[in-house]
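Summary of structural features
The chain contents come next:
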Amino acid sequence: MPIALVDCNNFYVSCERVFNPKLEGVPVVVLSNNDGVAVARSAEVKALGINMAEPWFKIEKIAKKYGIIALSSNYTLYGDMSARVMSTLANFSPKQEIYSIDECFLDLSGFPPDSLMAYGQKIRQTVRQNVGIPVCVGIADTKTLAKLANHCAKKGYAGRDGVCDFGRFNQEVKTKVFSKIPAGDVWGVGRKISEKLLTMNIKTVEDLRTANPEMIRSQFSIVLSRTQNELNGIPSIELEDSGTSRQQIMVSRSFGTPVTSLEGLSESVAYYATTAAGKLRQDGSVASSISVFIRTSPFKNEEYYENSLVVPLMNPTDDTTILVKAALSGLKKIFRNGFDYKKSGVMLMGLQPKDALQKTLFDDTDKQTKSDNLMHVMDSINQKMGKGSLTIAASGLGHGWSMRRENKSPSYTTDWSELPVVR
DNA sequence: ATGCTCCTGCGAA
DNA sequence: CTAACGTTCGCAGGAGCAT
């Protein structure tokens, strides 16, 4: 019955610290793409009152004063570190659900209940030793409670040394702990729902747990009902097998500098469609439609414009050239002159496994084989020579729109050419 | 009435 | 130099459409 939620502490910051010990003990933030907002903060930065998703230009003044080190995000590095953490954790349970880049659930059914604290410690020490990343462990009978236990472990509320097992608490102790935690800290309760809960005088986790279930179901949704069940120890969210492939692929970026022309937008859209098609082939899937969107900045005091369009594909495909053409045809229809565009993107939808693809009347086997060969060559060249070595002409070469990354660390684990030279 | 597909809103990391 | 505010994914529920 027990489930563990293992979550890496300040994951991106911790990744950077593994390779640069000078970052230890000093305030560090990692910024999002385009150096836009803070997406990871060290404990020292959190202590300064800097929030998640705080824009960098607002942090910058404080940063100078306190010597905050700001790093551009390096997703290649974090992805590789994540894979190492996850494979280490896989050894601790026959069933693992990788929930995000920095956390996973482990099924601990059948483990002796009184040994779980020690097991949690073992997990922490092993990950720290093998990968160098600090983690916290929360253990409870449902996924929602395991998340909450992890929250407690991180805050040091209850539990010791980064591990918290609710199985050791009786209801009285749980009530005491739950009464101190805001309802908004519960997994599945975001800004909107916690605001609405507050108007009903539901402030804490304990308030939510003991609220009238019929009222929760009628005033909110089936999702919050399940969350409430889980807070009461009734499992209502299944542990999923990782390995089920995703249902959509999204590639979008904000621009470093605004784009006004159709040509500029076309380059970006072609580039994103190319990237998305690569991911699609990696998954071994084909897409049956592609959606394209563009938008201006929602923050500027100018007229806002955003639009999107879904372009259906006659035959589901993983061919870059077809996907790029479709995306560009959609872009042409939604483009309006006279705007400063700040972002564009592409989404592949209706994904299905390529091998299960139904043959249609329009199928041309010879053409299909040629396309597959071309895509294979494209993928292997990009694999050998580095991402973006070979793209289609429509994506251009200048990339004046591409994002800012002023302070990126080297891709230590995945790119030889970025390793520092040692003499 | 019933069953779809599409779109939007919300949440999470 | 100024201005500058992320990305990707799943799910639920309602709208709109066809039958």
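As shown above, the structure is provided for reference.
Everything in this summary refers to the structure shown in the same document. Everything numeric here is computed off the predicted structure, so don't read it as measured data.

**Here we look at the overall build of chain A**
Looking only at helices and strands, chain A has 14 helices and 13 strands in total. In terms of C-alpha radius of gyration, chain A reaches 24 Å, essentially the compact-globule figure of 22 Å for 423 residues. Sequence-distant contacts, at least 24 apart, represent 68% of the contacts inside chain A between residues at least 6 apart. Carbon and sulfur atoms provide 53% of the accessible area of chain A, an area that totals close to 22,600 Å².

**Overview of the packing of helix α4 (residues 75-90) against helix α5 (residues 116-131)**
With their axes 10 Å apart at the nearest point, α4 and α5 run at an angle of 140° to one another. Regarding the angle of α4 to α5, the classification is oblique. The interaxial crossing formed by α4 with α5 has right-handed handedness. Residues M81, R84, V85, T88 and L89 of α4 pack against I123, T126, V127, N130 and V131 of α5.

**Observations regarding the layout of surface pockets**
Space inside the largest pocket adds up to approximately 1,900 Å³. Lining the largest pocket we find 39 residues, and of these T76, Y271, T275, K387 and G388 sit closest to its centre. Elements that contribute at least two residues to the lining of the largest pocket include exactly α4, β9 (249-259), α12 (262-283) and α14 (365-385). By volume, the second largest pocket is sized at about 990 Å³. Considering the residues around the second largest pocket, the lining is formed by 30 residues, among which D7, R41, K46, H151 and K154 are closest to the centre. Where the lining of the second largest pocket is concerned, the elements lending two or more residues are β1 (3-8), α1 (11-19), β3 (38-41), β5 (96-100) and α6 (143-155). If you tally residues by element for the lining of the second largest pocket, the top one is α6, at seven residues.

**Some points on the sheet that holds β3**
Reading across the sheet, the three strands line up as β3-β2-β4 and stay open at both edges, with mixed pairing between neighbours. Two strands bound the open sheet, and with one partner strand each, they are β3 and β4 (69-72). With strand direction ignored, the average angle separating the axes of adjacent strands in the sheet is 30°. Where strand β2 (residues 28-31) and β3 come together, three bridges link them in antiparallel fashion. Across the sheet, residue V30 finds its bridge partner in β3, namely A40.

**So, a positive patch on the surface**
A contiguous patch of positive charge on the surface is contributed by R253, K279, K387 and R405. Along the chain, K279 turns up in helix α12.

**Section: the packing of aromatic side chains**
One pair of aromatic rings is described through two measures. These are the centre distance and the angle between the planes. Inspection of the entire model under this criterion finds 17 aromatic pairs. A centroid spacing of 5.8 Å and a plane angle of 35° characterise the contact between F335 and Y341, whose relative ring orientation is tilted. The pair formed by F335 and Y341 is uniform in burial state, with each residue classed as buried. Taken together, the ring pairs in this structure connect F11, Y12, Y75 and Y78 into an aromatic cluster.

**What about the side chain of E103?**
For E103, the position within the fold is in strand β6 (residues 103-107). Those residues in contact with E103 that lie beyond four places of it in its chain are L5, V6, D7, M86, I98 and K147.

**Points about the protein's contact with DNA strand B**
DNA strand B sits among 14 residues. The nearest are S100, D102, K147, G188 and I193. The sugar and phosphate moieties of DNA strand B supply 100% of its atoms located within 4 Å of the protein. In this structure, E103 approaches DNA strand B through a side-chain N or O atom, which is 3.5 Å from a sugar or linking oxygen. Elements with a contribution of two residues or more to the surface near DNA strand B: β5 and α8 (191-199). At three residues, the largest contribution of residues to the surface near DNA strand B is made by α8. Across the surface near DNA strand B, the residue classes break down as six nonpolar, three polar and five charged.

**What about the state of the cysteines?**
Overall, the coordinates contain zero disulfides when judged by the stated rule. Cysteine C164 is unpaired, with the sulfur of C152 as its nearest cysteine sulfur at 4.9 Å. With relative accessibility at 0%, the residue C164 sits in the buried group.

**Quick look at α14**
For α14, built from 21 residues, the straight-helix expectation of 30 Å at 1.5 Å per residue is met to within 8% by its first-to-last C-alpha distance of 30 Å. Looking at α14, one finds that the buried residues are S371, M375, M378 and N382. Angular distribution of buried residues about the axis of α14 spans 60°; they occupy a single face of the element. Turned more than 90 degrees away from the buried face of α14, the exposed residues are T365, K370, H376, Q383 and K384. Contacts from the buried residues of α14 go to α12 and α13 (320-334). Directly beyond the C-terminal end of α14, a positive phi value near 105° is found at G386.

Procedures and definitions
Residues numbered from 1 in each chain as written. Chains lettered and ligands numbered in written order. Predicted model: local features only at pLDDT ≥ 70, side-chain atom pairs only at ≥ 80, totals over all residues. Heavy atoms only, no water. Helix = DSSP H or I, 4+ residues; strand = E, 2+ residues; numbered from the N terminus. Rg over C-alpha atoms; globule rule 2.2 N^0.38 Å. Contact = heavy atoms within 4.5 Å. Areas by Shrake-Rupley, 256 points an atom, 1.4 Å probe, with all protein chains shown as cover. Axes fitted to C-alpha atoms, helices over the stretch in contact; angles between N-to-C directions. Parallel < 35°, antiparallel > 145°, perpendicular 65-115°, else oblique. Left-handed = near helix turned anticlockwise from the far one by under 90°. 1 Å grid on protein atoms, 1.4 Å probe; cavity = no way out; pocket = protein on both sides within 12 Å on 5 of 7 lines; lining within 4 Å. Points joined across faces, edges and corners; volume = space filled by probe spheres on them. Pairing = 2+ DSSP bridges. Patch = residues over 30% accessible without salt bridge, like charges linked within 9 Å, V, L, I, M, F, W, Y side chains within 5 Å. Salt bridge = Lys/Arg side-chain N within 4 Å of Asp/Glu carboxyl O. Lys, Arg positive; Asp, Glu negative; His and termini not counted. Charge placed at Lys NZ, Arg CZ, Asp CG, Glu CD. Phe/Tyr/Trp six-rings, centres within 6.5 Å; stacked < 30°, edge-to-face > 60°. Buried < 20%, exposed > 50% of the residue type's maximum accessible area, 1.4 Å probe, protein only. Near = heavy atom within 4 Å. Polar contact = N/O pair within 3.5 Å; in protein donor to acceptor, adjacent residues only side chain to side chain. Nonpolar A, V, L, I, M, F, W, Y, C, P; charged D, E, K, R; others polar. Disulfide = S-S within 2.5 Å. Expected span 1.5 Å × (residues − 1). Arc of directions from axis to C-beta.

These results come straight from atomic positions and should not be treated as a statement about function.
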